[in-house]
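# Summary of structural features
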Amino acid sequence: MTKISYITHENKTYTIEVQNGLTVMEGAVQNDIPGIDADCGGGMACATCHVYVKEDWLNKLPKKEDGEEDMLDMAFEPKTNSRLSCQLIVSDELDGLVVNIPSKQT
Amino acid sequence: MIKTDALIIGAGPTGLFTAHQLKLIGLECEVVDNLDKIGGQCIELYPDKPIYDIPAIPECTGEELTNNLIKQLKPFDIKFHLSERVDEVKKEKDNWIVRTNNRKLFSTPNVIIAGGVGSFEPRKFSPKECEKFENKSLFYSVKDKKLFKGKIVTIFGGGDSALDWAVELSKISKVNLIHRRDEFRGSQATLDKVKELTKIGNIRLLTKYQLVNIIGKSDIESIVIKSDDGDTQNLKTDYVLGFFGLIMQLGPIANWGLNLNKKTIEVDTEKFQTNQKGIYAIGDICSYPGKLKLILSGFHEGALAARACFKLAKPNEKYRFEFTTTSSNLLKRLGKKE
């Protein structure tokens, strides 16, 4: 189990234990954390599981695949620290990860 | 008022194959779609991307799949109502009265929602000020390019639409092209063209910038853009175009009194019927235990929903299960037999 913190736009923090192998998106959806829609179910075919990653985590995360940056073009207010949470697979290395959820997904 | 046995909402692969199934078992149907063309997500989101998990088709693109489904519908006469969004569904005795945004009316005992993840709408700029200029000097699509003749047009986006319009409008306008990063996802040929036009000064290219504000009273006077490292620029412009792709909204479906589960509609797995008799949901938009958002699942769901429609459309007839290989009835409908 790996600890992941989700901070909503209203500044509410949810820290939960996510099973390794799941994605950061699945961790949010399964625990009813508001603000992550994941319309396509994790297929990198929409941009509705968009999160902002805390700066110090940016380089510790697995690199983006080609399609992820393309999808992020269509996200709501993308920034340099934007990621699709469906592409972040939870492992021991991600223990303590903090992500901010944007004000909306669509 | 158009009368039909079943109305399909959504002309994506699921809707198309369901139309085939309805016609095959002898029911009339019509198809409505919010987009201006047939194909749904396959055409709108990934026309060129190959799909590898359609049974018996090792590899095909979204466009090829759509064309094949249209070909499969050739024996049948099916009316498509494109660029029409269904706004309202009301019960009147045994029928549903369906009204579109263009006031087209349908009367039918069966409504099949094959709406994917809802209707596509352009993703919009986030600054609040943008709203008041929308459809006046700020657009998410181009209807008549003559409007921009001799004007300064600032285009935002990094895909084919943004690149294509930058090239096209650079012939008649002064074009700024702005994108949030250095890489573009449009076709290489168009991108090369944009780079060439930038070199000779016909397009001004600004990357790693995003829109933060629009200044102007009734018309746009200028816009404020900001880069990742905090640099802010004020650009004089007459028009702003945004091409950020499409987002999916459930839209008016949310108000039809159906049981929803997040953005999907709950159905049973026998008829794929919703909590309203005669309203079915199939494909990506439906949910039930074990639901897979695969095209092949949509085909199965549509085939079963079509059989359920039969009962309500022809209450005095009995549906008989038949194979296309052997049934002369079906072969006649397919135009393979006199």
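Residues numbered from 1 in each chain as written. Chains lettered and ligands numbered in written order. Predicted model: local features only at pLDDT ≥ 70, side-chain atom pairs only at ≥ 80, totals over all residues.

### Here we look at the overall build of chain A
- When helices and strands are counted, chain A shows two helices and five strands.
- Taken from N to C terminus, the helices and strands of chain A fall in the order β-β-α-β-α-β-β.
- Computed over its C-alpha atoms, the radius of gyration of chain A comes to 12 Å, within 12% of the 13 Å expected for a compact globule of 106 residues.
- Here chain A holds 106 residues, and the buried ones make up 38% of them.
- A separation of at least 24 residues holds for 66% of the contacts in chain A among residues at least 6 apart in sequence. (Helix = DSSP H or I, 4+ residues; strand = E, 2+ residues; numbered from the N terminus. Rg over C-alpha atoms; globule rule 2.2 N^0.38 Å. Buried ≥ 20, exposed ≤ 12 C-beta atoms within 10 Å, placed from the backbone. Contact = placed C-beta atoms within 7 Å.)

### Overview of the overall build of chain B
- Of the regular secondary structure elements, chain B holds seven helices and 24 strands.
- Structurally, chain B occupies a C-alpha span of about 70 × 40 × 40 Å along its principal axes.
- Put simply, chain B has 338 residues, and 39% of those count as buried.
- Intrachain contacts of chain B at a sequence separation of at least 6 include 59% that bridge at least 24 residues.

### Some remarks on the sheet that holds strand 22 (residues 264–266) of chain B
Residue and element names in this part refer to chain B.
- One open sheet holds the three strands; their spatial order is 21-22-24, and the pairing between them is mixed. Of all strands in the sheet, those with a lone pairing partner are strand 21 (260–261) and strand 24 (286–287), marking the two edges.
- Here two bridges tie strand 21 to strand 22, and the two strands are oriented antiparallel to one another. Across the sheet, the residue bridging to asparagine 261 is threonine 264, located in strand 22. (Pairing = 2+ DSSP bridges.)

### Regarding the domain arrangement of chain B
- Per the domain assignment, the segments of chain B are domain 1 (2–121 + 247–333) and domain 2 (124–244).
- When each unit is reduced to the centre of its C-alpha atoms, the spacing between domain 1 of chain B and domain 2 of chain B is 38 Å. (Domains from an automatic or database assignment.)

### Examining the environment of glycine 21 of chain A
- Residue position: glycine 21 of chain A is located in the loop between strand 2 (13–18) and helix 1 (24–30).
- Along the primary structure glycine 21 of chain A and methionine 1 of chain A are separated by 20 residues, whereas in three dimensions their C-alpha atoms are 9.5 Å apart.

### What to know about the interface of chain A and chain B
- Across the boundary between the two partners, chain A contributes twelve residues, which contact 18 residues of chain B.
- A per-class count over the side of chain A that touches chain B returns four nonpolar, three polar and five charged. (Nonpolar A, V, L, I, M, F, W, Y, C, P; charged D, E, K, R; others polar.)

### Looking at unusual backbone geometry
- The phi angle at asparagine 11 of chain A is positive, at roughly 70°, despite the residue not being glycine.
- For asparagine 11 of chain A, the position within the fold is in the loop between strand 1 (2–7) and strand 2.
- For asparagine 11 of chain A, a count of 7 C-beta atoms within 10 Å gives the class exposed.
- A positive phi angle is found at arginine 103 of chain B, which is not glycine, with a value near 65°.
- Residue position: arginine 103 of chain B is located in the loop between strand 8 (95–100) and strand 9 (105–108).

### Some remarks on helix 4 (residues 160–169) of chain B
All names here are of chain B.
- Most of helix 4 sits out of view: seven of its ten residues are buried.
- Taken together, the buried positions of helix 4 are Ser161, Ala162, Leu163, Trp165, Ala166, Val167 and Leu169.
- If you follow the buried residues of helix 4, they end up packed against strand 13 (152–156), strand 14 (174–179), helix 5 (188–199), strand 15 (203–207) and strand 19 (239–242).

### Quick word on the nonpolar core
- Of all hydrophobic cores here, the largest spans 55 residues; its most connected members are Met25 of chain A together with Ile155, Ala162, Ala166, Leu177 and Leu241 of chain B.
- Considering each element in turn, this core owes the most residues, six residues, to helix 4 of chain B.
- The contact partners of isoleucine 155 of chain B, leaving out residues within four places of it in the chain, are Ala162, Trp165, Ala166, Val175, Asn176, Leu177, Ile178, Leu241 and Phe243 of chain B. (Core = buried A, V, L, I, M, F, W, Y, C linked by C-beta atoms within 7 Å.)

### Re the packing of helix 1 (residues 13–24) of chain B against helix 3 (residues 62–72) of chain B
Residues and elements named next belong to chain B.
- Between helix 1 and helix 3, whose axes approach to 9 Å, the crossing angle comes to 15°. Here helix 3 runs roughly parallel to helix 1, going by the angle between their axes. Seen along the crossing, helix 1 lies across helix 3 with a hand that is left-handed. Note on element contacts: helix 3 touches helix 1 through Leu65, Thr66, Leu69, Ile70 and Gln72, opposite Pro13, Leu16, Phe17 and His20.
- Each residue belonging to the contact of helix 1 with helix 3 can be placed in one class, and the counts come to six nonpolar, three polar and no charged. (Axes fitted to C-alpha atoms, helices over the stretch in contact; angles between N-to-C directions. Parallel < 35°, antiparallel > 145°, perpendicular 65-115°, else oblique. Left-handed = near helix turned anticlockwise from the far one by under 90°.)

### Examining the packing of helix 1 of chain B against helix 6 (residues 295–313) of chain B
Residues and elements named next belong to chain B.
- Packing of helix 1 against helix 6 leaves a shortest axis separation of 8 Å and a crossing angle of 35°. Along this stretch, helix 1 crosses helix 6, giving a crossing that reads as right-handed. Contacts between helix 1 and helix 6 involve Pro13, Thr14, Phe17, Thr18, Gln21 and Leu22 from the first element and Ile295, Gly298, Phe299, Gly302, Ala303, Ala305, Ala306 and Cys309 from the second.
- For the contact of helix 1 with helix 6, the residue count by class is nine nonpolar, five polar and no charged.

### Details of helix 3 of chain B
All names here are of chain B.
- All of the buried residues in helix 3 are Gly62, Leu65, Thr66 and Leu69. Along the axis of helix 3, the buried residues cluster in a sector spanning 100°; they form a single face.
- Against helix 1, helix 2 (41–44), strand 4 (50–51) and strand 5 (60–61) lie the buried residues of helix 3. (Arc of directions from axis to C-beta.)

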